[in-house]
Amino acid sequence: MENSVPSLFASFLPLILMSLLMAIPAHLLAKEKGRNVTKWTILALIPIVNFACIWFFIGASNLKLERKIDDLALRLQSQRDK
């Protein structure tokens, strides 16, 4: 019976390592794209959900760049109105 505890941990070890490896790129991508870093890092630690998180970030728009483009568009519009 004592052998079941280490074998149980050993069976989940690859899943835990995979989740940790998925959390690192999710953290970096969330920071780069202007998303909530804490939320997306925690979501990336959850098995199976982390694959959806990575696919989301691959296709997600960059909010930082969108804000900059909106700011430039407003400045251009204000220059035209003068």
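Residues numbered from 1 in each chain as written. Predicted model: local features only at pLDDT ≥ 70, side-chain atom pairs only at ≥ 80, totals over all residues. Heavy atoms only, no water.

Caption draft 1: Looking closely at the overall build of the protein chain. Counting its secondary structure elements, the protein chain contains four helices and zero strands. Moving toward the C terminus, one meets the helices and strands of the protein chain in the order α-α-α-α. For 82 residues, the compact-globule formula gives about 12 Å, and the C-alpha radius of gyration of the protein chain, at 20 Å, lies well above that figure. In terms of principal-axis extent, the alpha carbons of the protein chain reach across some 80 × 20 × 10 Å. Burial statistics for the protein chain: of 82 residues in total, 18% are counted as buried. (Helix = DSSP H or I, 4+ residues; strand = E, 2+ residues; numbered from the N terminus. Rg over C-alpha atoms; globule rule 2.2 N^0.38 Å. Buried < 20%, exposed > 50% of the residue type's maximum accessible area, 1.4 Å probe, protein only.)

Caption draft 2: Region of the structure containing the nonpolar core. Grouped together as the largest cluster of nonpolar side chains are nine residues: M22, A23, A26, A30, W40, A44, C53, I54 and F57. Mapped by element, the contributors of at least two residues to this core are α1 (4-33), α2 (37-45) and α3 (49-59). Ranked by residue count, the leading element in this core is α1, at four residues. Filtering out sequence-adjacent residues up to four positions away, A30 remains in contact with R35, N36, V37, W40 and F57. (Core = buried A, V, L, I, M, F, W, Y, C linked by side-chain atoms within 4.5 Å. Contact = heavy atoms within 4.5 Å.)

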